[in-house]
There are 2 protein chains.
Amino acid sequence: MLNLSNEFIEKLQEQIQAGKDQEILSVIGDLHPADIAEVFDELRGEETAFVYKLLNKELAADVLVELEEDVREHLLASLTSREIATEVIDRIDSDDAADMIAELSNEKIEEIISHIDDQEQASDLIDLLNYEEGTAGSLMAKELVKVNQNWTVTQAIREMRRQAEDLENVYTIYVVDDQDKLLGKLSLKTLLFSASTTRTIIKDLYNPKELEKVLAEDDSEKVIHVMDKYDLVALPVTNDGGQLLGRITIDDAVDVLREEADKDYQMASGISEDVESDDSIYTLTRARLPWLLIGLAGGIAGAYVIGAFDIENNPRMALFIPLIAAMGGNVGVQSAAIVVQGLANSSIRPDQVAGRLVKELGVGLLNGIICGAIILMASIVLNFGMAISLTVSISLLTVITFAALFGTFVPLVLNKYKIDPALATGPFITTANDIFGLIIYFVTGNLIASMF
Amino acid sequence: MLNLSNEFIEKLQEQIQAGKDQEILSVIGDLHPADIAEVFDELRGEETAFVYKLLNKELAADVLVELEEDVREHLLASLTSREIATEVIDRIDSDDAADMIAELSNEKIEEIISHIDDQEQASDLIDLLNYEEGTAGSLMAKELVKVNQNWTVTQAIREMRRQAEDLENVYTIYVVDDQDKLLGKLSLKTLLFSASTTRTIIKDLYNPKELEKVLAEDDSEKVIHVMDKYDLVALPVTNDGGQLLGRITIDDAVDVLREEADKDYQMASGISEDVESDDSIYTLTRARLPWLLIGLAGGIAGAYVIGAFDIENNPRMALFIPLIAAMGGNVGVQSAAIVVQGLANSSIRPDQVAGRLVKELGVGLLNGIICGAIILMASIVLNFGMAISLTVSISLLTVITFAALFGTFVPLVLNKYKIDPALATGPFITTANDIFGLIIYFVTGNLIASMF
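Residues numbered from 1 in each chain as written. Chains lettered and ligands numbered in written order. Predicted model: local features only at pLDDT ≥ 70, side-chain atom pairs only at ≥ 80, totals over all residues.

Asker: Describe in detail the sheet that holds strand β5 (residues 234-238) of chain A, supporting the description with residues and values.
Answerer: All names here are of chain A. Spatially, the 3 strands line up as an open sheet ordered β4-β5-β6, and their pairing is mixed. Edge positions in the open sheet fall to β4 (214-215) and β6 (244-249), since each of these has one partner strand only. Inspection of the sheet shows β4 paired to β5 by 2 bridges, in the parallel sense. When the bridges of β5 are listed, Leu 215 appears paired with Thr 238. (Pairing = 2+ DSSP bridges. Helix = DSSP H or I, 4+ residues; strand = E, 2+ residues; numbered from the N terminus.)

Okay, here's the thing in structure tokens:
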């Protein structure tokens, strides 16, 4: 495994400057494509292009697959459509090829496809490009090993040898009938250990009960759920008629899992686009501005709430504004986060909504009573005065309970209407709870002031 | 794939009540262990125990592996140590066995191990129990297929058949020397296609350059990073001397990845323990209370800040307290989240700290200028008055810039001292930024008031 350092990159840049091809190749040429991609991410555009041309074609294609999108875009722009078709697409898996060219213009895509000689390969690629992002179809590769149920082990092994030539990893062998309908799967292990009884028919080797599969139009969350639950390293994809279309491998499912987790995390942190720390200042600012603007609007609304409640005659009420606002937002985010996670890992079922709300009422009340009691004692001991101490503790109990219910309710409703529930952990809940909290606080304050 | 519904569970519960063993088995007996575990999670303790006893031993053991910890604990308590040793441990993978009994008391563990007949199995289990949680050793299983470099293909296949008998999935065959030192790996595919040239020596079949491995004491984050980067489905684990100790499979790495993501997400949402939506009200409250208590303390500190700045003579300053507090907290969390993610996926290297801070200064200033300009215009148009409009916009620019730098700095420092940087996305940053924000706001307010 490569440990990248600034020194490594600087030395490489010197060698590129000096045009020392052989030295560069001796450093880079034996690395894993994923390591070379990591090096490329650190180089400047023209340096990347220089090193890329030195690599042998097979390795160069594998490196392209591993690159960050922006670096790859730059390199692909330096290749002709014919080069992309014959030197890249032809050397990589169909799913990687589809992902790669999907980033290009429609015109360029057509040009590239017209340069692919193998008609089956071209039509596979067109198929894959047509699946919508976020579906099982968009994750699958066409490359797989399949055997007919009526073949003997010997026939199967001979056929597989042909099919598996281009395949780096064979995890599972799929068993199909004459119409290409998926019937089951067979492990390489079973086949290997049957290699001595070569006249056995495939039909007698596989267990038709053990077969998890998804449809091409199923969404990627289902793919992850099935692969995770049943510990699969490959998952076959079929059409409505049950015909085998392709397979999804675990590495691609893990990438989706990671992207989903990153997205939820970013939403919970108020970041609206998928950004990385090495993106530009402009991109990073743009990703963060939407939440800030909603926060600004909420802040102005808050100013009106405070203004409406005659703060000038009761300025001591100002002291606990930050406390009330912070607690409402916090509790709302906590509640929403638990629902979002529960929906993501399927531990909350849609028919359990009422139960969730009752439980959350309990959690909200318990937290509210504890926090309310603490703040009551603290503010009396700290001599803030009885009226304001009572106001803060009663409104805090109310705010926490309300925020807990609201934070639970909103993501459940979003989910019901097929909107990403993670949205609820972002600006919406926090800002709404800020404002509701202030209203509760000042209404309580007025009530209590009128009693004293 | 099973789609659990309330009706399914209710019908099953009726059958359990009526003691209809055969009907229950016909519904449950053919399901995947992971599905049965999902059903068990929905049943009451005594119902689970009843159905468990009906299952055949092999299936029952697999179901135990898949269960949630609390359900499993209940079932294990109903089994004797001898039963656990001979009917469960003996039928499952060593890593699952170690995870399962690690949850029990030391006394019970010793009893169970004393009932394991196979001495090698017992010592493997003791080995695995000794690895600290969070290390590669704690994730690995002892079951694997290895061949000696000097064997012929025929010998290797014969040996493998013996080794792989208990193994559900064989992903990779490891090549070792006479001292059990790991030399390389071989795919089943290569071996299968060499089966006709049976006198080939293993040494001539594998590529010694292609071998990623970890040490038993490496931490689990490295395991995930290596498996993800190189798209591996199994990763061998060695000791310092390079001897093969076990292998980690992708399903276990994915579990760790998911746990890490969940933990980071919960921290960012202010939840301090790993909780799930179906935990008890008490557990859920306990997990959420720490952040709320820190929030309370911050709120009281905020009251002192506001009190110190003579709010009684300038009550209009109260209006924008929620805005300033919310924006400081939001920006801090955004900045910290980007650093935490960057560190998690290794896109931020420790030697890039200065660069990060400079970039964040840019992002903070840009967001600050935009938000400051908007609030300046808005509050003038909305007639809040010049003094307060200037105060809010200038302090907002300052607060956003400061919060961006502070939010970036804290997780980087935590990481440097080997503390989980995700802590920074929780209460600490938000509360600190609330207080700093208020101080900046009131100092600015006093300065500007003295000028008008």
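Now that the structure is up, let's keep going.
Asker: How would you summarise the interface of chain A and chain B if you had to cite specific residues and measurements?
Answerer: Listed by partner, the interface residues are 93 residues for chain A and 93 residues for chain B. Within the residue set of the side of chain A that touches chain B, elements represented by two or more residues are α12 (153-163), α13 (188-193), α14 (220-229), α15 (250-268), α16 (281-308), α17 (321-344), α18 (353-381) and α20 (427-451) of chain A. Ranked by residues supplied to the side of chain A that touches chain B, first place goes to α16(A) with 16 residues. Of the residues belonging to the side of chain A that touches chain B, the class tally is 52 nonpolar, 22 polar and 19 charged. (Contact = placed C-beta atoms within 7 Å. Nonpolar A, V, L, I, M, F, W, Y, C, P; charged D, E, K, R; others polar.)

Asker: Which residues make up helix α6 (residues 69-77) of chain B, and what are the values?
Answerer: Residues and elements named next belong to chain B. Looking only at α6, the buried set comprises Val 71, Arg 72 and Leu 76. Along the axis of α6, the buried residues cluster in a sector spanning 130°; they form a single face. Turned more than 90 degrees from where α6 packs its buried face, Asp 70 and Ala 77 sit exposed. Turning to α6, the residues buried within the fold contact α3 (33-42), α4 (45-54), α5 (57-66), α7 (81-88) and α8 (94-102). (Buried ≥ 20, exposed ≤ 12 C-beta atoms within 10 Å, placed from the backbone. Arc of directions from axis to C-beta.)

Asker: Explain unusual backbone geometry residue by residue, including any values.
Answerer: With phi around 50°, A:Asp231 is a residue other than glycine that occupies positive phi space. Considering the arrangement of structural elements, one finds A:Asp231 in the loop between α14 and β5. The backbone of B:Asp180 shows a phi angle near 70°, a positive value even though the residue is not glycine. As for its position among the elements, B:Asp180 is in the loop between β2 (172-176) and β3 (182-187). Judged by the 16 C-beta atoms lying within 10 Å of it, B:Asp180 falls in the partly exposed class.

Asker: Lay out the nonpolar core in plain terms, naming residues and giving numbers.
Answerer: Residues A:Val223, A:Ile324, A:Met327, B:Val223, B:Ile324 and B:Met327 are the most contacted members of the largest nonpolar core, which totals 211 residues. Excluding its chain neighbours within four sequence positions, the residues that come into contact with B:Val223 are B:Ala136, B:Leu139, B:Val214, B:Asp218, B:Leu235, B:Ile248 and B:Ala253. (Core = buried A, V, L, I, M, F, W, Y, C linked by C-beta atoms within 7 Å.)

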